[in-house]
Amino acid sequence: MQKRSPRQGCRFFKLHGAGNDLLVMSSSEMPATNKAAFVRKIAHRNLGIGCDQLMELVSRKPLAIQVWNQDGSKAEMCANGSRTFLFLAARQGWINRKAKRVQVRISGKNYEAIQTTKGNYELSLGEPQISPLEMLSLRGRSIPFYPVTTGNPHAVVLMTGKNAWKAPPGFDYRAYGAKMETHRRFPKKANVEFVRKIRRQGNAVEMEVEAWERGAGATLSCGSGAVAAAAVVRQQMPGSLNLFKVRMTDFTLRIRFEGAVAFISGPCALVAEGNFFPKG
């Protein structure tokens, strides 16, 4: 992406990874100061282009991006956004399309991705860090959850199986997710995942999860959240479980483990590209 004049607007690409919609922009297309306000404006669903996250292309060599949430806050990780960014990078020729492995720096931390099919990438998130079960006091109820780190903070609530929470009648994950995200237990806020169904088939598991994303709200899917939920279920169930299919709304993400290391892959698509006029 090259710097354009104000009359030409700010060049952007819009994509989605399993329904997680994102914008990709070069640093040169964004203002040098007050980027948070710019992100909030372009991410607005009615007044801007609209997105869950914005991926700022900081550098091509070495490949580096900064993740921004819809609310203008910086994020440590967006797994769907990062792997979908690599799909775009290959399409645009920013990276070697023939390379089997790609190194990418995401919000200041190095990660590796593996090309699985032409232009699609499986991103390694390393080993998810799961802390012991805790109880969260909310709305007069005690909610059991597992704190998990997959590069960013998560609270995983099991609603089936061992240590399951019996939700109240009329449960709406959006109402509880919003309250849990900003609970005093999480000084830096948290992503929240509600695991609704778990079905095991041999060494593979199918799950249904609802996700509330920190800084973005209810989203169609959350890649790092899918990894966090899969890691907790894997810890709870006996035997060697290495493959998880995590369904979030209308999309399914594939989580694969090599030992303790988690990899994520799933659908992604280019939706649009064009120019954004911030003063419009």
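Below is a summary of the structure that appears in this document. Everything numeric in this text was worked out from a predicted model, so none of it was measured.

### Structural notes on unusual backbone geometry
A cis amide bond links Lys61 with the next residue in sequence, Pro62, at an omega value of -5 degrees. Relative to the helices and strands, Pro62 is located in the loop between β3 (53-59) and β4 (64-69). One non-glycine residue, Ala18, adopts positive backbone phi at about 55 degrees. Counting through the fold element by element, Ala18 comes out in the loop between β1 (10-17) and β2 (20-26). At Asn163, a position not held by glycine, the phi torsion is positive, near 60 degrees. The residue Asn163 is located in the loop between β12 (153-158) and α3 (173-181) in this model.

### What about helix α1 (residues 35-43)?
Residues of α1 that are buried: Phe38, Val39, Ile42 and Ala43. Buried residues of α1, viewed axially, fall in a sector of 120 degrees; they line one side.

### Side note on the environment of Met135
Relative to the helices and strands, Met135 is located in strand β10 (residues 134-138). In this structure, the C-alpha to C-alpha distance between Met135 and Phe145, residues 10 residues apart in sequence, is 6.3 Å. When neighbours within four sequence positions are excluded, Met135 is seen to be in contact with Ser142, Ile143, Pro144 and Phe145.

### Quick notes on the environment of Asn110
Tracing the sequence through the fold places Asn110 in strand β7 (residues 109-117). Residue Asn110 is classed as exposed on the basis of its relative accessible area of 55%. Residues Asn110 and Ala269 lie 159 residues apart in sequence; the distance between their C-alpha atoms is 24 Å. Engagement of the side chain of Asn110 in a polar contact is seen with the side chain of Arg105, the distance being 2.9 Å.

Rules and cut-offs
- Residues numbered from 1 in each chain as written.
- Predicted model: local features only at pLDDT ≥ 70, side-chain atom pairs only at ≥ 80, totals over all residues.
- Heavy atoms only, no water.
- Helix = DSSP H or I, 4+ residues; strand = E, 2+ residues; numbered from the N terminus.
- Buried < 20%, exposed > 50% of the residue type's maximum accessible area, 1.4 Å probe, protein only.
- Arc of directions from axis to C-beta.
- Contact = heavy atoms within 4.5 Å.
- Polar contact = N/O pair within 3.5 Å; in protein donor to acceptor, adjacent residues only side chain to side chain.

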